[in-house]
Structures are given as C-alpha cells and as structure tokens.
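Tertiary structure, described
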Amino acid sequence: PALLLAIHGAVVLWQRRAEPARALIAAWSLAAVATVFFYARWWEWRGGWCYGPRFLCEAMPVACLLFAISYQSLGTRAARAAALALVAASVAVHFLGVYGHGGYAEWQLRHQRADQGRCLFELSDTQIDAHARALALAVQQK
C-alpha cells in the first residue's frame, strides 16, 4: 500500500526540472515499468509459489526512491500521517506473509486453475486473507 505514493513521487520528480538525478531516476522508472510489462505477458507472471509477485523485486528500489520523493514533498501533517498509515499497512501485510505461512500451500493449491491467473484476483479468497486466517488459527491453538 505504501508504494501507491510512488506514483505521486514520479509526478513530483517530473515537475522538478532542475533535479540533477531526475534523468537517472526517470530511466530507472522506465526500466521498472518495462519489467512489469515484460512479466505481465509471461504465463507464470507471479513467479510461482511465493507471497506476492516476486518478479517485481527488481522494481522495488526505484519505487522506494519515488516513495521517498513523494513523502518529502508532502506539506501537511495529515498527508504525512496518511503516508505513515500506508507504511504501517504495508508492514502488516508482510507480517502476515511471514508469520501466516501456514495457509500458504492450501491457498496456492486452491488457485491452480486453468484461468490464466484470474482466480488470483478473487476478493473472496485473497492470499493476504488466507495468511491472516492461518495466523489467527495458529495463535488460537497456542
């Protein structure tokens, strides 16, 4: 969720005409977008049995830089608090991925269908939800 601000960071970077690193970060951003389009066309774009699309790891450094540019440009306390809430949500999602891995295999098996990955976007059974339920069950059993 926090990386939603990377889009705002790209806009801010584009508006800063005198930024010395602008061309470098812009080229890096274009390479990240090309990576997304390249893997979006592949038959196993999510990268197999992993938590989230692992092929997007190469795009994360520039996304984090764009997040930082966006965060730096936020002028109000409320906007910065909203950005920090998005960071907290991101940490929570990854916490579930690390500690709720008990629901991992079942979710992957339920989503091995011949629908070209459409089932991965069902809101009724998300990977995050499966990990949260597995973590809640593990805590309940202890």
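Attention in this report is confined to the structure presented alongside it. (Residues numbered from 1 in each chain as written. Predicted model: local features only at pLDDT ≥ 70, side-chain atom pairs only at ≥ 80, totals over all residues. Heavy atoms only, no water.)

**Some remarks on the overall build of the protein chain**
Within the protein chain one finds six helices and zero strands. Reading the secondary structure of the protein chain in the N-to-C direction produces α-α-α-α-α-α. Across its three principal directions, the C-alpha atoms of the protein chain cover 55 × 35 × 20 Å. When each of the 142 residues of the protein chain is scored for burial, the buried share is 32%. Of the contacts made within the protein chain by residues no fewer than 6 positions apart, 65% connect residues no fewer than 24 positions apart. Total accessible area computed for the protein chain in this model is approximately 9,600 Å², and 69% of it derives from carbon and sulfur atoms. If the 13 positive side-chain charges of the protein chain are averaged to one point and the 8 negative ones to another, these points end up 9 Å apart. (Helix = DSSP H or I, 4+ residues; strand = E, 2+ residues; numbered from the N terminus. Buried < 20%, exposed > 50% of the residue type's maximum accessible area, 1.4 Å probe, protein only. Contact = heavy atoms within 4.5 Å. Areas by Shrake-Rupley, 256 points an atom, 1.4 Å probe, with all protein chains shown as cover. Lys, Arg positive; Asp, Glu negative; His and termini not counted. Charge placed at Lys NZ, Arg CZ, Asp CG, Glu CD.)

**As for the packing of aromatic side chains**
Taken as a whole, this structure holds three aromatic pairs when the rule is applied. Taking 6.2 Å as the distance between ring centres and 20 degrees as the angle between the ring planes, the aromatic pair formed by phenylalanine 67 and tyrosine 71 counts as stacked. Of this pair, phenylalanine 67 and tyrosine 71 both sit in helix α3 (residues 60–73), four residues apart, which is roughly one turn of the helix. Overall, the relative accessible area of 16% leaves phenylalanine 67 in the buried class. Note on tyrosine 71: relative accessible area 23%, which makes it partly exposed. A ring pair is formed by phenylalanine 95 and tyrosine 99, whose centres lie 4.7 Å apart and whose planes are at 45 degrees; its orientation type is tilted. Residue phenylalanine 95 and its partner tyrosine 99 are located together in helix α4 (residues 77–99), separated by four residues, close to a single helical turn. When the ring centre of tyrosine 71 is taken as reference, the NZ or CZ atom of arginine 80 above it lies at 4.7 Å. (Phe/Tyr/Trp six-rings, centres within 6.5 Å; stacked < 30°, edge-to-face > 60°. Lys NZ or Arg CZ within 6 Å of the ring centre and 35° of its normal.)

**Brief notes about the packing of helix α1 (residues 5–15) against α3**
At a minimum axis distance of 7 Å, the contact between α1 and α3 shows a crossing angle of 70 degrees. As judged from the angle between their axes, α1 and α3 are roughly perpendicular. Residues Leu5, Ala6, His8, Gly9, Ala10, Val12 and Leu13 of α1 pack against Ala63, Leu66, Phe67, Ile69, Ser70 and Ser73 of α3. Looking at the contact of α1 with α3 residue by residue, the class counts come to nine nonpolar, four polar and no charged. (Axes fitted to C-alpha atoms, helices over the stretch in contact; angles between N-to-C directions. Parallel < 35°, antiparallel > 145°, perpendicular 65-115°, else oblique. Nonpolar A, V, L, I, M, F, W, Y, C, P; charged D, E, K, R; others polar.)

**Observations regarding α3**
If you check α3, its first and last C-alpha atoms are 20 Å apart, about what 14 residues at 1.5 Å a residue would give, namely 20 Å. Along α3, the positions that sit buried rather than exposed are Val62, Ala63, Leu66, Phe67, Ile69 and Ser70. An end-on view of α3 places all buried positions within 160 degrees of arc, on one side of the element. Contacts made by the buried residues of α3 are with α1, α2 (22–40) and α4. (Expected span 1.5 Å × (residues − 1). Arc of directions from axis to C-beta.)

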